[in-house]
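Here are the chains, one letter per residue:
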Amino acid sequence: MVALASRIRLEDRECPLSTTVQHVGEWWTLLILHDAFDGYTRFDQFQENLGISSSMLTTRLKSLVVEGLLERRPYRTNPVRHEYVLTGLGRSLRPVIVALAAWGNSRLAPEQRSMVLVDAHSGEQVEPVVVDARTGRRLDDSDDYVFTAGPAAGEAMRNRYAQRPAVPAEGE
C-alpha cells in the first residue's frame, strides 16, 4: 500500500474511492470476496474455483485478513487447517460486488450473461441499482448527484472540488 500511496495525488490519499481501491482494487481480491459471498471459506475451495496459484492466493488472503475483511479461523486441529470467514466489514462490501456484477451484465444481452442475481426465495431475476437511502432515487445520474468536499477534507480535497467545472445546463 505504501507504493500505491506514493503514486497518487495528495487529495486522493484522503479520498474514500482511492482508499477503497487500495483495499479491494486488485482483481483477485474481488474474485476471492465474490467466492466468499458464495459460501467458500477454505483455501483449497478458493484455489480450485479460481484457478489461482497457491502463492498468489496466500498473499491475497493474508491481505484480506490484515485489512479486516476476512477472519482466519481454525476448522481442524490435526493437522491444523484454517478457513477464511467474512467479517462484518467484509460483508458490507456485498452491495459493491453486486453493483459491479450488475454493471458488467448491463453491457451484455440477457442471453450472454453467465451469472445473474436472483431473489433467493422466488428465484426471480433482479436488476440491482444504487439508490439514495433517504429518497430512493437512483444515483447513476451524474447531473443530479456530484461529489464535493466533506467535513474532514483537507486543503487539497477542498481545492479539487472548489475548482470543479460547472455542470452544463440541459441543452447546452
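Being a predicted model, the structure only gives us computed values, none of them experimental.

**Quick look at the overall build of the protein chain**
When its secondary structure is counted, the protein chain shows eight helices and two strands. Helices (α) and strands (β) of the protein chain occur, in sequence order from the N terminus, as α-α-α-α-α-β-β-α-α-α. Considering the protein chain as a whole, with its 172 residues, one finds that 22% of them fall into the buried category. The contacts in the protein chain between residues at least 6 apart in sequence include a share of 33% that link residues at least 24 apart. On the protein chain, roughly 12300 Å² of surface is accessible, and the fraction owed to carbon and sulfur atoms is 54%.

**Quick look at the side chain of E83**
Structurally, the position occupied by E83 is in strand 2 (residues 80-86). It turns out E83 is buried and unbridged, and the closest side chain with the opposite charge, R42, is 4.5 Å from it. At 3.3 Å, the side chain of E83 forms a polar contact with the side chain of T41.

**Examining the confidence of the model for the protein chain**
The predicted structure's coordinates, where accompanied by low pLDDT, should not be read in detail. For the protein chain, the mean per-residue pLDDT works out to 85, and 85% of the residues sit at or above 70. Across residues 1-5, confidence stays below pLDDT 50; counting only partners more than four residues off in sequence or on other chains, it has six contacts.

**Comments concerning the packing of helix 3 (residues 27-37) against helix 5 (residues 54-66)**
Here helix 3 crosses helix 5 at 75 degrees, and the two axes come no closer than 10 Å. The angle between the axes of helix 3 and helix 5 places the two elements in the roughly perpendicular class. Residues W28, T29, I32 and L33 of helix 3 form the contact with helix 5, whose own contacting residues are M56, L57, R60, L61 and L64. Among the residues making up the contact of helix 3 with helix 5, the classes are represented as seven nonpolar, one polar and one charged.

**Points about the nonpolar core**
The biggest cluster of nonpolar side chains holds 17 residues, and the ones touching the most others in it are I32, L33, F46, L61 and L70. If sequence neighbours within four positions are ignored, F46 has contacts with I32, D35, A36, Y40, T41, G51, I52, L57, L61 and Y84.

The rules behind these values
Residues numbered from 1 in each chain as written. Predicted model: local features only at pLDDT ≥ 70, side-chain atom pairs only at ≥ 80, totals over all residues. Heavy atoms only, no water. Helix = DSSP H or I, 4+ residues; strand = E, 2+ residues; numbered from the N terminus. Buried < 20%, exposed > 50% of the residue type's maximum accessible area, 1.4 Å probe, protein only. Contact = heavy atoms within 4.5 Å. Areas by Shrake-Rupley, 256 points an atom, 1.4 Å probe, with all protein chains shown as cover. Lys, Arg positive; Asp, Glu negative; His and termini not counted. Salt bridge = Lys/Arg side-chain N within 4 Å of Asp/Glu carboxyl O. Polar contact = N/O pair within 3.5 Å; in protein donor to acceptor, adjacent residues only side chain to side chain. pLDDT = per-residue confidence, 0-100. Axes fitted to C-alpha atoms, helices over the stretch in contact; angles between N-to-C directions. Parallel < 35°, antiparallel > 145°, perpendicular 65-115°, else oblique. Nonpolar A, V, L, I, M, F, W, Y, C, P; charged D, E, K, R; others polar. Core = buried A, V, L, I, M, F, W, Y, C linked by side-chain atoms within 4.5 Å.

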